[in-house]
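Working through the structure, step by step
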Amino acid sequence: DLGNQKLNQGPQWQLPGAQVAAEETEFVIQGLSVTDPDAADNPIHVILSVGHGTLTLSQTTGLTLHNGDGNADPQITMTGSLAMINAALNGMKYRGEQNFVGTESLALYANDLGNDGDTGPLTDTKVLPITVTNVNEAPSAVSLSASSITENSAGATVGTLSTTDVDSGDTFTYTLSGSDAASFE
């Protein structure tokens with residue numbers, strides 16, 4: 001009898017606007033949530049994943065974590081009530097992997113596990129793009145090709161300075177300091 005069948009309404013991801021994060025820093029994602037009008041306090045199943053970084057939930061109370069522990073994970077699989085899932089998503093942090101710059105995709109999957117309906121489980125899948133911008137890192141090493149010359153060699157080249165820096169295309173300026181700086185041209 002179709003008249004007595006209770007239809008399941010599926011979960012729906014609610015996405016914030018465009019996200020922009022600086023490389024190698026924690027970025028708080030605000031405004032991400034999942035809704036399901038008939039889930040009530042029943043558990044839903046959620047999978048979150050990124051390809052070039054990690055996610056940290058703002059809390060894990062009331063959740064069953066199946067993959068990841070909710071702290072600095074590239075993928076988190078969890079089950080919990082809508083209230084507990086949304087509490088974990090509210091203020092969730094993303095951190096890009098070292099030196100990653102570009103477009104990241106936060107993949108979102110929700111399954112209502114068929115809660116409160118006779119039609120079986122329903123799902124929603126979305127992708128939230130995150131633009132990760134470059135941050136200029138300080139040089140990691142400065143080296144001198146030689147470290148000695150013959151004494152009293154006016155105009156002699158002591159050596160060549162070189163710098164290691166992950167940011168390609170940077171230019172460098174060197175300054176001599178200290179009490180002997182005036183002895184050099």
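Above this text you will find the structure in question.
A brief look at the structure comes next.

Once that is clear, we can look at the sheet that holds strand 5 (residues 44-49). With mixed pairing, the 6 strands of this open sheet are ordered in space as 2-11-10-5-8-7. Each edge of the sheet is formed by a strand with only one pairing partner; in this case those strands are strand 2 (19-22) and strand 7 (64-67). Averaged over neighbouring strand pairs, the angle between their axes works out to 25° when direction is ignored. Bridge count between strand 2 and strand 11 (residues 123-133): 4 bridges; the pairing is parallel. Paired with Ala 21 across the bridge in strand 11 is Val 132. Lying over the sheet, helix 1 (residues 82-89) contacts strand 5 and strand 8 (75-80), oriented at roughly 150° with respect to strand 8.

By size, the foremost hydrophobic cluster in this structure holds 29 residues, and its most contacted members are Trp 13, Ile 29, Leu 48, Met 78, Met 92, Tyr 94 and Leu 106. Looking at this core, the elements with two or more residues in it are strand 5, strand 8, helix 1, strand 10 (102-111) and strand 11. The leading source of residues in this core is helix 1, at 4 residues. Excluding anything up to four places from it in sequence, Ile 29 contacts Pro 16, Gln 19, Leu 89, Gly 91, Met 92, Tyr 94, Leu 106, Leu 128 and Ile 130.

All right, on to helix 1 then. Here helix 1 has its buried residues at Leu 82, Ile 85, Asn 86, Ala 88 and Leu 89. Within helix 1, the buried residues cover an arc of 155° as seen down the axis, which keeps them to one side. Within two residues after helix 1, Gly 91 carries a phi angle of roughly 90°, on the positive side.

Let us now look at unusual backbone geometry. In the Ramachandran plot, Glu 24 falls in the positive-phi region, its phi being about 60° despite a non-glycine side chain. Summarising the element assignment, Glu 24 is placed in the loop between strand 2 and strand 3 (26-28). At Leu 113, a position not held by glycine, the phi torsion is positive, near 60°. Looking at the element boundaries, Leu 113 is found in the loop between strand 10 and strand 11. Assessed through its relative accessible area of 43%, Leu 113 is described here as partly exposed.

With that settled, the discussion passes to the sheet that holds strand 6 (residues 53-56). Pairing in this open sheet of 3 strands is antiparallel, and the strands run 3-9-6 from one edge to the other. Every other strand in the sheet has two partners, leaving strand 3 and strand 6 as the edge strands with one partner each. Recorded for the sheet is a direction-independent mean angle of 25° between the axes of neighbouring strands. Bridging between strand 6 and strand 9 (residues 93-96) involves 4 bridges; their strand directions are antiparallel. Across the sheet, the residue bridging to Thr 56 is Lys 93, located in strand 9.

Calculation criteria
- Residues numbered from 1 in each chain as written.
- Predicted model: local features only at pLDDT ≥ 70, side-chain atom pairs only at ≥ 80, totals over all residues.
- Heavy atoms only, no water.
- Pairing = 2+ DSSP bridges.
- Helix = DSSP H or I, 4+ residues; strand = E, 2+ residues; numbered from the N terminus.
- Axes fitted to C-alpha atoms, helices over the stretch in contact; angles between N-to-C directions.
- Contact = heavy atoms within 4.5 Å.
- Core = buried A, V, L, I, M, F, W, Y, C linked by side-chain atoms within 4.5 Å.
- Buried < 20%, exposed > 50% of the residue type's maximum accessible area, 1.4 Å probe, protein only.
- Arc of directions from axis to C-beta.

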